[in-house]
Amino acid sequence: MQIRGGSSKGIFFDTADLPESGEERDKVILAAMEGLRPGDIRQIDGLGGGDLLTAKVALVSRSAREDADLDYLFLQVVVGEGRLSAAQGCGNILAGLLHFAIESGMLSPTDPTTKAVVHMVNNGGLCEVTVQTPDFKLAVAGSAKVDAVQGIGAPVICNYLETVGINCGKLLPTGSVLDEVDGVQVTCVDNGMPVVALRVTDFGITGYESKEELDSNEDLKERLESIRLQMGPKMNLGDVSHLTVPKMCLLSPPRSGGLMNTRTFIPHQCHAAIGVMGAFSVAVVGLLPGSIAEGIANVPNDFASVILEHPSGQFTLSLKSSSKNSELEIHETGAIRTARIISKGEVYIP
């Protein structure tokens, strides 16, 4: 099936329908997404959309774990390189998971909502997802709004039960709130996604530029990549030259009442909005005492509703947290998304 989840779009497969061999499986997926000659940046011969946010893949199966209902492996097609990356998860695509499972018969709906715990194979975390299923049918209409997506739809509630250090081992992967690289201070956080957060003032930009402006700023991208390659090993990620993590997020003061304004690189293109789990990590940067966000962030009194501003609008998330020995502890992170099944059928593999 082709499903939009949040502000992303991807192809969803039943894991059992694919070859067991990793290499053969990846060849089949690349043929489906990119066509006969993987590496085409337009993906004109396949189902991919020629953009990182529309070149995504979800492999779904029933889980053998006692604490989960579904297993979910996320694969990112690295556009233009003819390869897949499993180095990260994707919270937007996860929002479409129960739609796939219910429509395919993998999961039986209940009335008026259906809830399932998803095991995120990429990082081992768990997410409790709730979708609207009145009269045992998936709801499409609703009042939930996701910026970067046209219109409104039925809410998909995603409560992430394990996010802290899930990729790098701890919330602050380097062991410090502040690090310095190439003469620039950064804060590195892993609350679901490895993120390097930076001040826009260190890069001679305002932070309010459009995605297109930033994508064409080669000097900026070269500087960000130099920092990313150096911080990867310090974040326990090893050599990240062929990985899509860590994400790079530039921070500036909010303009519409949010915590901060953001411009995220994923990692070499500016995100049209902000990724779900990337937002979870960036929000923590804004709330951490002593981080680079001090003097930038408009910290709310209540973390139950934290707003991040991005190129397409706003992203709202919730944090259940506490403070212990003056250190921030995150217990649960949640977000509301929408999803829609666009099509289902057969894809022809050469």
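Residues numbered from 1 in each chain as written. Predicted model: local features only at pLDDT ≥ 70, side-chain atom pairs only at ≥ 80, totals over all residues. Heavy atoms only, no water.

Asks: Just give me the short version of the overall build of the protein chain, but keep the residues and values in it.
Replies: Each helix and strand in the protein chain was counted, giving 6 helices and 19 strands. Its C-alpha atoms give the protein chain a radius of gyration of 19 Å, near enough to 20 Å, the size a compact globule of 350 residues would have. C-alpha atoms of the protein chain, sized along the principal axes, occupy 50 × 45 × 35 Å. Across the 350 residues in the protein chain, those meeting the buried criterion constitute 53%. Considering only intrachain contacts with a sequence separation of at least 6, the fraction spanning at least 24 residues in the protein chain is 62%. Side-chain charges of the protein chain comprise 28 positive and 42 negative groups, with the mean position of each set lying 3 Å from the other. (Helix = DSSP H or I, 4+ residues; strand = E, 2+ residues; numbered from the N terminus. Rg over C-alpha atoms; globule rule 2.2 N^0.38 Å. Buried < 20%, exposed > 50% of the residue type's maximum accessible area, 1.4 Å probe, protein only. Contact = heavy atoms within 4.5 Å. Lys, Arg positive; Asp, Glu negative; His and termini not counted. Charge placed at Lys NZ, Arg CZ, Asp CG, Glu CD.)

Asks: Just give me the short version of a nonpolar patch on the surface, but keep the residues and values in it.
Replies: A cluster of nonpolar side chains, Leu47, Val347 and Ile349, forms an exposed patch at the surface whose accessible area comes to about 210 Å². Looking at where Val347 falls in the secondary structure, it is placed in the segment after β19 (339-343). (Patch = residues over 30% accessible without salt bridge, like charges linked within 9 Å, V, L, I, M, F, W, Y side chains within 5 Å. Areas by Shrake-Rupley, 256 points an atom, 1.4 Å probe, with all protein chains shown as cover. Salt bridge = Lys/Arg side-chain N within 4 Å of Asp/Glu carboxyl O.)

Asks: Mind laying out the pairing of strand β17 (residues 313-324), listing which residues take part and the relevant values?
Replies: Note: strand β16 (residues 306-310) against β17, 5 bridges, orientation antiparallel. Opposite His310, over in β17, you have Gly313 as the bridge partner. Direction of pairing for β17 relative to strand β18 (residues 327-337): antiparallel, over a ladder of 8 bridges. In the strand pairing of β18, Leu319 is matched with Thr333. (Pairing = 2+ DSSP bridges.)

Asks: Give me helix α1 (residues 22-34): which residues, what numbers.
Replies: Taking 1.5 Å of rise per residue, the 13 residues of α1 would be expected to cover 18 Å, and the 18 Å separating its terminal C-alpha atoms lies within 8% of that figure. By the burial criterion, the buried members of α1 are Arg25, Val28, Ile29, Leu30, Ala31, Ala32, Met33 and Glu34. In this structure, the buried side of α1 is in contact with β2 (8-14), β3 (56-62), β4 (70-78) and β5 (83-85). Just downstream of α1, Gly35 is the residue with a positive phi angle, here 100 degrees. (Expected span 1.5 Å × (residues − 1).)

Asks: So what's going on with empty space enclosed by the protein? Residues and values would help.
Replies: Scanning all chains against the criterion turns up 3 cavities of 30 Å³ or more. Here the largest cavity is characterised by a volume of approximately 200 Å³. Together, 21 residues line the largest cavity, and Lys56, Gln88, Lys247, Ile266 and His271 are the ones closest to its centre. Secondary-structure elements contributing two or more residues to the lining of the largest cavity are α2 (91-94) and α6 (276-287). Per-element accounting of the lining of the largest cavity gives the leading share, 3 residues, to α6. Of the residues contributing to the lining of the largest cavity, the split by class is 8 nonpolar, 11 polar and 2 charged. Size it by volume and the second largest cavity reaches roughly 40 Å³. (1 Å grid on protein atoms, 1.4 Å probe; cavity = no way out; pocket = protein on both sides within 12 Å on 5 of 7 lines; lining within 4 Å. Points joined across faces, edges and corners; volume = space filled by probe spheres on them. Nonpolar A, V, L, I, M, F, W, Y, C, P; charged D, E, K, R; others polar.)

Asks: Tell me about the side chain of Thr133, and name the residues and values.
Replies: Note that Thr133 resides in the loop between β7 (125-132) and β8 (144-145). When neighbours within four sequence positions are excluded, Thr133 is seen to be in contact with Ile102, Pro109, Thr110, Asp111, Pro112, Thr113, Thr114 and Leu138.

Asks: Residues and numbers for the nonpolar core, please.
Replies: Looking at soluble globular proteins, one finds that nonpolar side chains tend to be buried together. Grouped together as the largest cluster of nonpolar side chains are 84 residues, with contacts concentrated most on Tyr72, Leu198, Ile227 and Leu251. The element best represented in this core is α6, accounting for 9 residues. Ignoring any residue separated from it by four or fewer positions in sequence, one finds Leu251 in contact with Ala197, Leu198, Arg199, Val200, Met260, Asn261, Thr262, Val282, Val285, Ile292, Ala293 and Ile296. (Core = buried A, V, L, I, M, F, W, Y, C linked by side-chain atoms within 4.5 Å.)

Asks: Give me the lowdown on the layout of surface pockets, citing residues and values where you can.
Replies: Approximately 350 Å³ is the volume found for the largest pocket. Lining the largest pocket are 15 residues, and of these Met1, Phe12, Lys344, Gly345 and Glu346 sit closest to its centre. Among the elements that make up the lining of the largest pocket, the one with the highest residue count is β2 (4 residues). Grouping the constituent residues of the lining of the largest pocket by class yields 7 nonpolar, 4 polar and 4 charged. Approximately 240 Å³ is the volume found for the second largest pocket.

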